[in-house]
Amino acid sequence: MHRYFPHTDSDIQEMLKVCGLSSLDDLYSEVPEEIRFKGEYDIPEAMSELELRRHFSEMGAKNRLLTCFAGAGCYDHYTPSIIPSLIQRSEYLTSYTPYQAEISQGTLHYIFEFQTMMSRLTGLPVSNASMYDGATATAEAAMMMMATAKKADCVLVSATMDPKVRRVIDTYAHFHGFAVKTIAAENGATSAASLQALLAEGGAAGAIVQQPNCFGIIEDFTGFADACHEQKALLAINSVIADLALLKTPGEWNADIAMGDGQSLGIPMSFGGPSVGYMCCTEKLMRKMPGRIVGQTLDTKGQRCYVLTLQAREQHIRRQKATSNICSNQSLMALFVTIYCSVMGKEGLKEAARLSYAGAHYLAEQLCKAEGGAFRLKYDRPFFNEFCVEYSGDLDARIQQCIDAGVLPGVKTDDNTLMIAVTEKRSKQEVDNLINLLTQ
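A brief structural summary.

Some words on the overall build of the protein
Okay, so step 1: For the protein, the count of helices and strands is eleven helices and 17 strands.
Okay, so step 2: Taking 22 Å as the expected radius of gyration for a compact globule of 440 residues, we find that the protein reaches 25 Å, a close match to that expectation.
Okay, so step 3: Projecting the C-alpha coordinates of the protein onto the three principal axes gives extents of approximately 75 × 55 × 55 Å.
Okay, so step 4: Within the protein, buried positions represent 47% of all 440 residues.
Okay, so step 5: Taking as baseline every contact in the protein between residues at least 6 positions apart, the subset at least 24 positions apart corresponds to 69%.
Okay, so step 6: Looking at the protein as shown, the accessible area adds up to about 23500 Å², and 53% of this sits on carbon and sulfur atoms.
Okay, so step 7: The averaged location of the 51 negative side-chain charges in the protein is 6 Å from the averaged location of its 40 positive side-chain charges.

Considerations on the sheet that holds strand S13 (residues 375-377)
Okay, so step 1: If you trace the four strands from one edge of the open sheet to the other, you get S13-S14-S17-S16, paired in antiparallel fashion. Each edge of the open sheet is held by one strand with a lone partner, namely S13 and strand S16 (411-414). Strand-to-strand, the axes of this sheet are offset by a mean angle of 35°, without reference to chain direction.
Okay, so step 2: With three bridges connecting them, S16 and strand S17 (residues 417-421) associate as antiparallel partners. Residue pairing in the sheet places Lys412 in a bridge with Leu418 of S17.
Okay, so step 3: Sheet strands in contact with helix H10 (residues 395-404) are strand S14 (386-391), S16 and S17, and its direction is about 175° off that of S16.

Digging into the side chain of Thr79
Okay, so step 1: In this structure, Thr79 sits in the loop between strand S1 (67-68) and helix H3 (82-87).
Okay, so step 2: On the basis of relative accessible area, Thr79 is assigned to the buried category, the value being 19%.
Okay, so step 3: From its side chain, Thr79 meets the backbone oxygen of Gly266 in a polar contact 2.5 Å long.

Points about helix H11 (residues 428-439)
Okay, so step 1: Across its twelve residues, H11 extends 16 Å between first and last C-alpha, which sits within 8% of the 16 Å expected from 1.5 Å per residue.
Okay, so step 2: If you check which residues of H11 are buried, you get Val431, Leu434, Ile435, Leu437 and Leu438. Along the long axis of H11, the arc covered by the buried residues comes to 165°, so they all point the same way. Seen from the open side of H11, the exposed residues pointing more than 90 degrees away from its buried face are Lys428 and Gln429.

Here's the deal with the pairing of strand S9 (residues 257-261)
Okay, so step 1: Along S9, four of the five residues are buried, which leaves the element largely enclosed by surrounding structure.
Okay, so step 2: Of the pairings in the sheet, the one linking S9 to strand S10 (residues 277-281) comprises five bridges and is antiparallel in character. Looking at the pairing, Asp261 lines up with Gly277 of S10.

A short note on the sheet that holds S9
Okay, so step 1: Pairing is mixed across the open sheet formed by seven strands, whose spatial order is S2-S10-S9-S8-S7-S3-S4. The sheet terminates laterally at strand S2 (126-127) and strand S4 (179-183), the two strands that pair on one side only.
Okay, so step 2: Packed on one face of the sheet, helix H5 (residues 134-148) meets strand S3 (154-158), strand S7 (204-211), strand S8 (234-239), S9 and S10 and runs near 160° to S9.
Okay, so step 3: Most of the contacts of helix H6 (residues 163-176) go to S4, to which it runs at about 150°, and overall it touches S3, S4, S7 and S8.

Focus: the nonpolar core
Okay, so step 1: Counting 38 residues, the largest nonpolar core has Ile87, Phe114, Met118, Leu265 and Val337 as the members making the most contacts within it.
Okay, so step 2: Among the elements of the structure, H3, helix H4 (105-122), S10, strand S12 (304-310) and helix H9 (331-368) are those that each provide at least two residues to this core.
Okay, so step 3: Per-element accounting of this core gives the leading share, eleven residues, to H9.
Okay, so step 4: For Phe114, the residues in contact, after removing those within four places along its chain, are Asn128, Ala129, Val276, Gly277, Tyr278, Ala334, Val337 and Thr338.

About the cut-offs
Just so you know, the residues in each chain are numbered from 1, in the order the chain's sequence is written. For a predicted model such as this one, the threshold for reporting local features is a pLDDT of at least 70, and the threshold for listing and counting side-chain atom pairs is 80 or more; totals across whole chains, interfaces and linings nevertheless cover every residue. Side-chain numbers here rest on the full set of heavy atoms in the structure, without hydrogens or water. By definition, any uninterrupted DSSP run of H or I lasting at least four residues is a helix, any uninterrupted run of E lasting at least two residues is a strand, and each is numbered from the N terminus. Within these notes, the globule rule equals 2.2 Å times the number of residues to the 0.38 power, and the radius of gyration is based on C-alpha atoms. The buried label goes to any residue with under 20% of its type's maximum accessible area, the exposed label to any with over 50%, and the partly exposed label to all in between, with areas taken from a 1.4 Å probe on protein chains only. Throughout, a contact is declared for two residues whenever any of their heavy atoms are within 4.5 Å. Under the convention used here, a 1.4 Å probe and the Shrake-Rupley method define accessible areas, while residue burial counts only the protein chains that appear. Lys and Arg are tallied as positive, Asp and Glu as negative. Neither His nor the chain termini are counted. Charge coordinates come from a single atom per side chain, which is NZ of Lys, CZ of Arg, CG of Asp or CD of Glu. In short, DSSP must find at least two bridges between two strands for them to pair. Interaxial angles span 0 to 180 degrees and are taken between N-to-C directions of axes, which are lines fitted to C-alpha atoms, for helices over the stretch in contact. Polar contacts here mean pairs of N or O atoms no more than 3.5 Å apart (in protein, one a potential hydrogen donor and the other a potential acceptor; neighbouring residues in sequence count only if both atoms are side-chain atoms). The span one expects for a helix is its residue count, reduced by one, times 1.5 Å. This arc corresponds to the set of directions leading from the helix axis out to the C-beta atoms. We define the nonpolar core as a collection of buried residues of types Ala, Val, Leu, Ile, Met, Phe, Trp, Tyr and Cys that are connected through side-chain atoms lying within 4.5 Å of one another.

Written out as structure tokens, the structure is:
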């Protein structure tokens, strides 16, 4: 009932006694005096519940709640009200690993269901759990590729990959001793010719592409898998998972690995986190996956139960033999996504995707045909719910005008380009309001 109440003095003394200590300072006796903080902590005085609620309300009121048309990897999707109510139950409100796994049947069950849903959305047979987010999941996929290839020294990454994700891949590559080469882009999409040329040079463990890409464009990966496999390389596709309700899946593109961020499945933007990553692969690559795989089996009574089928990580085997350093179990957000998919169902996921698609195309069409011709699509390519427009005037002034009116119009990607995202949350009235703000 009072999960946030601190320990009393008697609680502390009792715990110290069990530890054989006389004071809390004894806990830090090994910390040298010269590096200990000696000042006063900047902590306010204790408050009553009423005062504390007022304090946080005043802090919250400093934030401006804008109508959001920004995306670039984090999207303003609707969260069904049932989800916060369920995940705040004490049985779920933890991110820690089920160390005595078979005792944690409830946790294993929803991880199993999460894996099943990710597998169905990506079209690949094997799914894991406990990926932190889309960026690290993509970097882990690069490491999987290197661990699979025998003589490879590099991984190929499309120029249309989200720059934030690319920087994470580069960081992993630097400390794991392999190179990252860039597949060139052509009119906002991955160049097949560039991919084939880089593969022909040899030494590539695989290629990583994105769908939709960082410009919102729906890419055509026809022939990519064949080109990679002919050179003994793998193909990995980073996808906005919600869009796979309508788009061709990585499995249908014959990809070996599918990974990305699960935030688009109803997780609030929350100033950038937390989120959850997903990763799926072919059966051949299963033992190279990081994280864990939960499986279903029967107990001694013949009843269905769940077990940790695979957990080749550093806490269970020698560090140098581990496939990854991923440790904490990101299953609270995996549960969030699992409940979301269960509540929405197949048709609900499709409907949300259709609304997002339709809203974005209506907005793009209206902007580009507005009087004066100040806006035009930057790329003549198919897009899903996000697109780039070029503006011939002062883009910064336009953006500020929208913000002053309570609308975040998108993400500025260069001096004259605005990337705009539309989700099912945006009403026609909100879209029309943005059109008026940008074109008036």
